[in-house]
Amino acid sequence: MMDRILEPELMDDPAQVDAYAAMDFSAENQGFVERFKEYFPEFSEGKVLDLGCGPADIPIRFAKLYPICQVLGIDASAPMIQLGEQAVKQAGLADRVTLRCERYEEVAGARIVDAVMSNSLLHHLPNPLQFWQKLRQLVRPGAPVLVMDLLRPESPEAAQTIVDRYAAGAPDILRRDFYNSLLAAFTEDEVTTQLARMNLTRLLIDIPDDRHWVVGGIVY
Ligand SMILES: C[S@@+](CC[C@H](N)C(=O)[O-])C[C@H]1O[C@@H](n2cnc3c(N)ncnc32)[C@H](O)[C@@H]1O
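Quantities reported herein were computed from a predicted structural model and do not represent experimental measurements. (Residues numbered from 1 in each chain as written. Predicted model: local features only at pLDDT ≥ 70, side-chain atom pairs only at ≥ 80, totals over all residues.)

Visitor: Sorry, what's going on with the sheet that holds strand 3 (residues 97-101) here?
Guide: Within a sheet, each strand pairs with its neighbour through backbone hydrogen bonds, oriented either parallel or antiparallel. Within the open sheet, the seven strands sit side by side as 3-2-1-4-5-7-6. Their pairing is mixed. Of all the strands in the sheet, just strand 3 and strand 6 (204-209) have a single pairing partner and so form its edges. Between one strand axis and the next, the sheet turns through 20° on average, direction left out of account. Across five bridges, the pairing between strand 2 (residues 69-75) and strand 3 is parallel. In the sheet register, Leu72 faces strand 3, and the bridge partner there is Thr98. (Pairing = 2+ DSSP bridges. Helix = DSSP H or I, 4+ residues; strand = E, 2+ residues; numbered from the N terminus. Axes fitted to C-alpha atoms, helices over the stretch in contact; angles between N-to-C directions.)

Now the structure itself:
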């Protein structure tokens with residue numbers, strides 16, 4: 001198994017951000033919010049935090065699926081937040097979806113939200129334990145948590161095969177990012193170890209397909 005190779009933490013190169021935001025992730029992102037509903041059928045209201053929200057497609061889909069929730073999205077990339085704000089306004093959801101340009105490490109307070117979600121952030125982070133610790137600090141006891149990310153393949157060749165299979169027609173800049181993200185991602189064992197070290201063993205990991213892991217559960 002190859003070692004993890006970190007990629008740049010923030011996505012703040014304007015060309016990279018434009019290419020990412022122009023990509024159609026509708027099936028993945030809708031799948032993410034529907035998975036939240038499937039995991040937590042009782043959940044219906046409150047303040048929901050999206051860590052590393054990017055161009056806010058997931059906060060928007062979440063707010064549509066949960067019409068009485070407030071969603072707060074944070075991302076440390078100014079161009080991502082700028083595009084996200086346009087999208088939120090266009091969707092007519094500015095009263096329920098708030099975005100902030102902020103590093104997740106710097107989100108202040110404790111027990112301030114009723115649920116946390118995060119898609120495709122963890123592989124950007126040099127210190128994953130800090131992420132799980134922060135997540136636990138921010139949620140109220142009994143809060144649902146859903147975190148999803150890429151799974152690191154066995155080898156650079158296997159990563160290239162995944163890029164060729166799932167991003168065949170994508171622009172080069174996105175294919176490069178996807179490849180680098182796969183190399184920076186964690187394995188199932190690494191995520192399981194992170195959860196055990198942070199005493200978050202109520203959160204369970206699942207491998208829904210050949211390139212993702214998903215962690216879900218209630219945090220007390
Ligand atoms: C691959 S994108 C995922 C965006 C979105 N969640 C989605 O599913 O489309 C990862 C995002 O995490 C952001 N990010 C990376 N490190 C961060 C940090 N320390 N705090 C906040 N955001 C961060 C990047 O700027 C980028 O927008």
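That was the structure; now back to the text.
Visitor: Teacher, can you tell me more about the nonpolar core here?
Guide: Counting residues in each nonpolar core, the largest one holds 56 residues, and the members touching the most others are Val113, Val116 and Val145. A per-element tally of this core places strand 5 (residues 143-150) first, with six residues. (Core = buried A, V, L, I, M, F, W, Y, C linked by C-beta atoms within 7 Å. Buried ≥ 20, exposed ≤ 12 C-beta atoms within 10 Å, placed from the backbone.)

Visitor: Teacher, can you tell me more about helix 1 (residues 14-22) here?
Guide: Along an α-helix, residues three or four positions apart point the same way, because every turn accommodates 3.6 residues. Along helix 1, the residues classified as buried are Val17, Tyr20 and Ala21. Mapping the buried residues of helix 1 onto a view down its axis gives an arc of 95°, with all of them on the same face. With respect to the buried face of helix 1, the exposed residues turned more than 90 degrees away are Ala15 and Ala22. Buried residues in helix 1 make contact with helix 4 (78-90) and helix 7 (172-184). (Arc of directions from axis to C-beta. Contact = placed C-beta atoms within 7 Å.)

Visitor: I'm lost on the site of the ligand in this one. Help?
Guide: In the vicinity of the ligand lie 21 residues, with Gly52, Gly54, Ala76, Ser77 and Asn119 positioned nearest. Looking at the shell around the ligand, the elements that each hand over two or more residues are helix 3 (57-65) and strand 2. (Near = placed C-beta within 6 Å.)

Visitor: How do you make sense of the pairing of strand 1 (residues 46-51) when you look at a structure like this?
Guide: Pairing of strand 1 with strand 2 involves six bridges; the strand directions are parallel. Each residue of the ladder has a partner; that of Leu51, found in strand 2, is Ile74. A crossover links strand 1 with its parallel partner strand 2, the connecting element being helix 3, and its sense is right-handed. (Right-handed = clockwise from strand over helix to strand, strands pointing away.)

Visitor: Honestly, unusual backbone geometry in this entry has me stumped. Any pointers?
Guide: The phi torsion of most residues other than glycine is negative, and most of the peptide bonds are trans. One non-glycine residue, Arg111, lies in positive phi territory at about 55°. On the secondary structure map, Arg111 appears in the loop between strand 3 and strand 4 (115-119). If you check the backbone angles, Asn199 has positive phi at about 60° while not being a glycine. Along the chain, Asn199 turns up in the loop between helix 8 (188-197) and strand 6. Judged by the 10 C-beta atoms lying within 10 Å of it, Asn199 falls in the exposed class.

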